[in-house]
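Architecture at a glance
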Amino acid sequence: MEERWSTEHVLSLAPDAPSRKAAGKLSSPAPWSGTGTDGAALWGECKGSGSTPYRTVVELTTPAYRCSCPSRKFPCKHALGLLLLWSGSPEAVPAGGEPADWAADWLKERQERTEQAAERRTAKAEAAAADPAAARRRAEKRSARVAAGAQELRLRLADRIRHGLADTGTGRSGWEEVAARMVDAQAPGLATKVRELDHTAQGDLLEEYAMLHLLATAYGRVDELPEALGATVRARVGFTTETAELLTGPTVRDRWQVLGVRDTPDERLTTRRLWLRGAKTGRPALLLAFGRPGQAPDLALPTGQVLEAELAFHPGARRLRAVLGTRHGAPQPAGDAVPAGVSPAEALAGYGAAVAEDPWTESWPTVLTGVIPVHDVDGWHLTDGRHTLRLHRAGLPEPALWRLAAVSGGRPVTLFGECGHRGFTPVTVWDELGRPSGLTQ
């Protein structure tokens, strides 16, 4: 039987709250006609204010969307409404049929574009391999520019320390100009960290200065570092490895359980983080996807389900970030719905081990088991009766925390999130029936 997505998963694809609200009004069969699915795509026509219905098609694997409406949001309310209809009313979107001609044409064009893009990536990689001397010269030129930028940053940080953190004339402002210098030096990772200094609390400023100074110093000696740590430093500074290049190297095939999803929007883009764990290897993985304003990120996987796929991991001392390679089927329900977890004490030990390998690690993905959320005069905590972890909200609204407490009902729960020096940031909670619930939407 075809596995259909949950309502929560469908709504997680929406670019904003108004889109979710509008989609809810289109989730009944009334405005739809000609709906169908072949397991890989959905299609249907939605009656609007005009005489011609809007034609909507959704490719489920990526997912990807196409609609004839004029909306600039992506996915639009019609695509979301069709997904909600398919999710909540299976009889309204019959399975087993052939796509309508207009839907089939778009699906074919999309497949051809995907194949052409893969061919272009392969050609680019072959071109670089054909002239290794030119590639080496470009790499050496950039390395020199980044080294100069890192040295300048060390001097700037030392200058701020000499003036004192309380000097508002130099210690708490003007970092945007330094960030621009890091961009010119082709060190976007350093630029991002520098911009954050203008928004760092006074009490945390010295710590952030120290970690940034350590990173800049480490890059100055990157060729002397162990290979894995050197790769970590390069990645933190802003060097990236293209997806096509990663996928030509070793990959890890496993049944990856989706532990949680979190979207972080800003004025430029929305960043989606998807955390996975291998059923056979037990290995954690983090996938990143991005969406422009008004557009949801292009990668969506249902929390709690399992996807058999190949992942390629970015190099580093702690190989966590990965890219998604070949998929072997669609996401399926997890056999053991609730993932195995650790105690709060073991979670802190795991985070400590991650920091020992990568000093700039701010948190580590962790599943806690048998913990109870508690709210008292000191704030929110998680406890297993012996040890307690502070609960770090990290932008979570107060209702999300009370929803966590409601799911628990005073009983131990399994909770996925990030364990770090500021505490534990929850992302997903499993109820007593083994159903996951996201806390970040």
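A brief look at the structure comes next. (Residues numbered from 1 in each chain as written. Predicted model: local features only at pLDDT ≥ 70, side-chain atom pairs only at ≥ 80, totals over all residues. Heavy atoms only, no water.)

With that settled, the discussion passes to the state of the cysteines. Scanning the entire structure with this criterion turns up zero disulfides. Cysteine Cys 76 remains unbridged, with the sulfur of Cys 67 as its closest cysteine sulfur at 3.7 Å. When its relative accessible area of 6% is taken as the criterion, Cys 76 is described as buried. (Disulfide = S-S within 2.5 Å. Buried < 20%, exposed > 50% of the residue type's maximum accessible area, 1.4 Å probe, protein only.)

The next thing to look at is the pattern of salt bridges. For the structure on display, the rule yields 20 salt bridges. One salt bridge connects Arg 55 with Glu 45, and the closest N-O pair in it is separated by 3.1 Å. With a gap of ten residues between them, Arg 55 in strand β3 (residues 54-59) and Glu 45 in strand β2 (residues 41-46) connect regions that are remote in the sequence. Across the salt bridge formed by Glu 152 and Arg 181, the nearest N and O atoms sit 3.0 Å from each other. Here Glu 152 is found in helix α5 (residues 132-163), whereas its partner Arg 181 is found in helix α6 (residues 175-184), with 29 residues between them in sequence. Using a relative accessible area of 17% as the deciding quantity, one classes Glu 152 as buried. Owing to a relative accessible area of 40%, Arg 181 belongs among the partly exposed residues under this scheme. A network of salt bridges, in which partner residues are shared, links Glu 152, Arg 156, Glu 177 and Arg 181. (Salt bridge = Lys/Arg side-chain N within 4 Å of Asp/Glu carboxyl O. Helix = DSSP H or I, 4+ residues; strand = E, 2+ residues; numbered from the N terminus.)

Okay, the environment of Gly 238 next. Tracing the backbone shows Gly 238 in the loop between α9 (227-237) and α10 (243-248). The spacing of Gly 238 and Ala 216 is 22 residues in sequence and 12 Å in space, taken between C-alpha atoms. Discounting chain neighbours no more than four positions away, the residues touching Gly 238 are Arg 142, Pro 188 and Gly 189. (Contact = heavy atoms within 4.5 Å.)

Quick look at a negative patch on the surface now. Together, Asp 101, Asp 105, Glu 109, Glu 112, Glu 115 and Glu 119 line one region of the surface with negative charge. Judged by its relative accessible area of 36%, Glu 112 falls in the partly exposed class. (Patch = residues over 30% accessible without salt bridge, like charges linked within 9 Å, V, L, I, M, F, W, Y side chains within 5 Å. Areas by Shrake-Rupley, 256 points an atom, 1.4 Å probe, with all protein chains shown as cover. Lys, Arg positive; Asp, Glu negative; His and termini not counted. Charge placed at Lys NZ, Arg CZ, Asp CG, Glu CD.)

Looking now at the sheet that holds β3. In space, the four strands of this open sheet follow the order β1-β2-β3-β4, with antiparallel pairing throughout. Each of the sheet's edge strands pairs with one partner strand only, and the pair in question is β1 (32-37) and β4 (64-67). Put simply, the sheet's adjacent strands are angled 10° from each other on average, direction ignored. Here β2 pairs with β3 via six bridges, running antiparallel. Looking across to β3, one finds that Ala 41 is bridged to Glu 59. (Pairing = 2+ DSSP bridges. Axes fitted to C-alpha atoms, helices over the stretch in contact; angles between N-to-C directions.)

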